[in-house]
Amino acid sequence: MAEIQTPGRSSRPLLGVLFMCTACTLFPIMNGLVKLLAATYEPQQIVWFRIVSHLLLVAIVFMPRMGLGLLRTRRIGTQFVSSVMMMLSTLFFFSAVKSIPVAEAISVTFVAPLAVVLLAWPLLGERITFFRMAAVIVGFAGVLIVIRPGSAVFQWQSLLLLGSAICYAMYQILIRRLAGIDAPATSIFYSVLLGAIIMSIWLPFVWKLPQNATDWALLVSLGAFGALGHFCVAKAMTYASANFVAPFNYTQMIGSVVVGYLMFAEVPDFYTWLGTAVVVGAGLMVGLQGRKPQRI
């Protein structure tokens, strides 16, 4: 999620890079654990643990300081829609990663920033330049290289990854609309609140008692990895500008390759690397062009 660095914040770009790279290490580990757990538990149950533990951590951290003010919002409808988008993004990704290599799954979700560019025009009124539109088209072409529709390696779960990326892009746009209206902590809390309620209703139909203490620990740790990862992203933005640290988000691919290889003996093929390079290149094109004055 793109963040805006406010005036007066510390300018320590190397520390910002360190925090962003830390986040990009935590997220692949979480995804690897999800893939591991998905062999035994339904995606809905894994999502429930992910978002409920995240919700509890946010409440523990912010409730003592903010009290019921944490719940105060002037855009309850927008908050709830953003929560649904976050829930769907997580559910789609967790459902797909069970049968798709970790690195390939991450490479497809890299299209999310490009989807933000595309969707921000009709939803936020942010005009899109010809250059950015071209970058979006190139990025989606890169995704097609990775998933290769019509080929023998194509899996329908790849469409879930695209759905996850689009839902996450919608979530980012809604959070952008809430910026300056609700407190950031409030948005973080609501981002998983409705999803936690919906998944709690769904849970009895898919519940399977964790088999041992290790499974309990892994399931609960998902929220910790996710929350800590997002915290590191937020800290990165306090030490360096978003445009500077955002490209380092693509280092998730390195962590994903390492996790995939160590945990599942997965090695990305040539087309995964090629498609990822195209998607990352398109994302960097958008990021670099964002530093320049925009011309309509």
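Since we're looking at a predicted model, the values are computed, not measured.

Q: Quick rundown of the overall build of the chain? Include the residues and the values.
A: For the chain, the count of helices and strands is 12 helices and zero strands. Walking the chain from its N terminus toward its C terminus, one meets helices and strands in the order α-α-α-α-α-α-α-α-α-α-α-α. For the chain, the proportion of contacts with a sequence separation of at least 24, taken over those separated by at least 6, is 89%. Surface accessibility of the chain: about 14,200 Å² in total, with carbon and sulfur atoms responsible for 70%.

Q: Provide a residue-level description of the state of the cysteines, including the pertinent values.
A: If you walk through the whole model with that rule in mind, you get zero disulfides. Cys-21 takes part in no disulfide bond, and the closest cysteine sulfur to it belongs to Cys-24, at a distance of 6.3 Å.

Q: Go over the confidence of the model for the chain, please, and point to the residues and values.
A: Summarising the model, the chain shows a mean pLDDT of 83, and 90% of its residues fall at 70 or more. Taking the mean pLDDT of every element in the chain, the minimum, 68, falls on helix 10 (residues 242–245) and the maximum, 91, on helix 3 (residues 76–97). For residues 1–8, every residue scores under 50 in pLDDT, and the model assigns this stretch 15 contacts once sequence neighbours within four places are set aside.

Q: Would you mind going over the packing of helix 1 (residues 13–38) against helix 3 in detail, with residue names and values included?
A: Closest axis-to-axis distance for the helix 1/helix 3 pair is 8 Å, and the angle between their directions is 60°. Judged by the angle between their axes, helix 1 and helix 3 are oblique. Helix-helix and strand crossings are classified by hand; for helix 1 and helix 3 the assignment is right-handed. Note on element contacts: helix 3 touches helix 1 through Phe-93, Phe-94 and Val-97, opposite Asn-31, Val-34 and Lys-35.

Q: So what's going on with the packing of helix 2 (residues 43–66) against helix 3? Residues and values would help.
A: Contact geometry for helix 2 and helix 3: axes closest at 9 Å, N-to-C directions at 130°. As far as their axial angle goes, helix 3 and helix 2 are oblique. Relative to helix 3, the crossing made by helix 2 is right-handed. Together, Pro-43, Gln-44, Ile-46, Val-47 and Arg-50 of helix 2 and Thr-90, Leu-91, Phe-94 and Ser-95 of helix 3 make up the contact between the two elements. Here the contact of helix 2 with helix 3 is composed, by residue class, of five nonpolar, three polar and one charged.

Q: Explain the packing of aromatic side chains to me, and be specific about the residues and the numbers.
A: Tallying each qualifying case throughout the model produces 11 aromatic pairs. Ring centres of Phe-93 and Phe-94 lie 6.4 Å apart, and the angle between their planes is 65°; on these two criteria the pair is classed as edge-to-face. A relative accessible area of 7% places Phe-93 in the buried class. One aromatic cluster is present, built from ring pairs that chain together Trp-48, Phe-49, Trp-207 and Trp-216. One Lys or Arg, Lys-35, reaches over the ring of Phe-264 and ends 5.5 Å from the middle of that ring.

Q: Any details on helix 6 (residues 130–147)? Residues and values, ideally.
A: Between its terminal C-alpha atoms helix 6 stretches 26 Å, which fits the 26 Å expected from 18 residues at 1.5 Å a residue. One or two positions beyond helix 6, positive phi appears at Arg-148, with a value near 50°.

Q: I'd love a proper account of unusual backbone geometry, names of residues and values included.
A: Here the phi dihedral of Ala-265 falls at roughly 60°; this positive angle occurs in a residue that is not glycine. Residue placement: Ala-265 occurs in the loop between helix 11 (252–264) and helix 12 (270–289). Its relative accessible area of 61% is what places Ala-265 among the exposed residues.

Q: Run through helix 8 (residues 184–202), naming residues and quoting values.
A: The terminal C-alpha atoms of helix 8 lie 28 Å apart, and with 19 residues this matches the ideal 27 Å at 1.5 Å per residue to within 8%. Buried residues of helix 8: Ala-185, Thr-186, Ser-187, Phe-189, Tyr-190, Ser-191, Val-192, Leu-193, Leu-194, Gly-195, Ala-196 and Met-199, and no others. For helix 8, the secondary structure elements touched by its buried residues are helix 2, helix 3 and helix 7 (157–178).

What counts as what
- Residues numbered from 1 in each chain as written.
- Predicted model: local features only at pLDDT ≥ 70, side-chain atom pairs only at ≥ 80, totals over all residues.
- Heavy atoms only, no water.
- Helix = DSSP H or I, 4+ residues; strand = E, 2+ residues; numbered from the N terminus.
- Contact = heavy atoms within 4.5 Å.
- Areas by Shrake-Rupley, 256 points an atom, 1.4 Å probe, with all protein chains shown as cover.
- Disulfide = S-S within 2.5 Å.
- pLDDT = per-residue confidence, 0-100.
- Axes fitted to C-alpha atoms, helices over the stretch in contact; angles between N-to-C directions.
- Parallel < 35°, antiparallel > 145°, perpendicular 65-115°, else oblique.
- Left-handed = near helix turned anticlockwise from the far one by under 90°.
- Nonpolar A, V, L, I, M, F, W, Y, C, P; charged D, E, K, R; others polar.
- Phe/Tyr/Trp six-rings, centres within 6.5 Å; stacked < 30°, edge-to-face > 60°.
- Buried < 20%, exposed > 50% of the residue type's maximum accessible area, 1.4 Å probe, protein only.
- Lys NZ or Arg CZ within 6 Å of the ring centre and 35° of its normal.
- Expected span 1.5 Å × (residues − 1).

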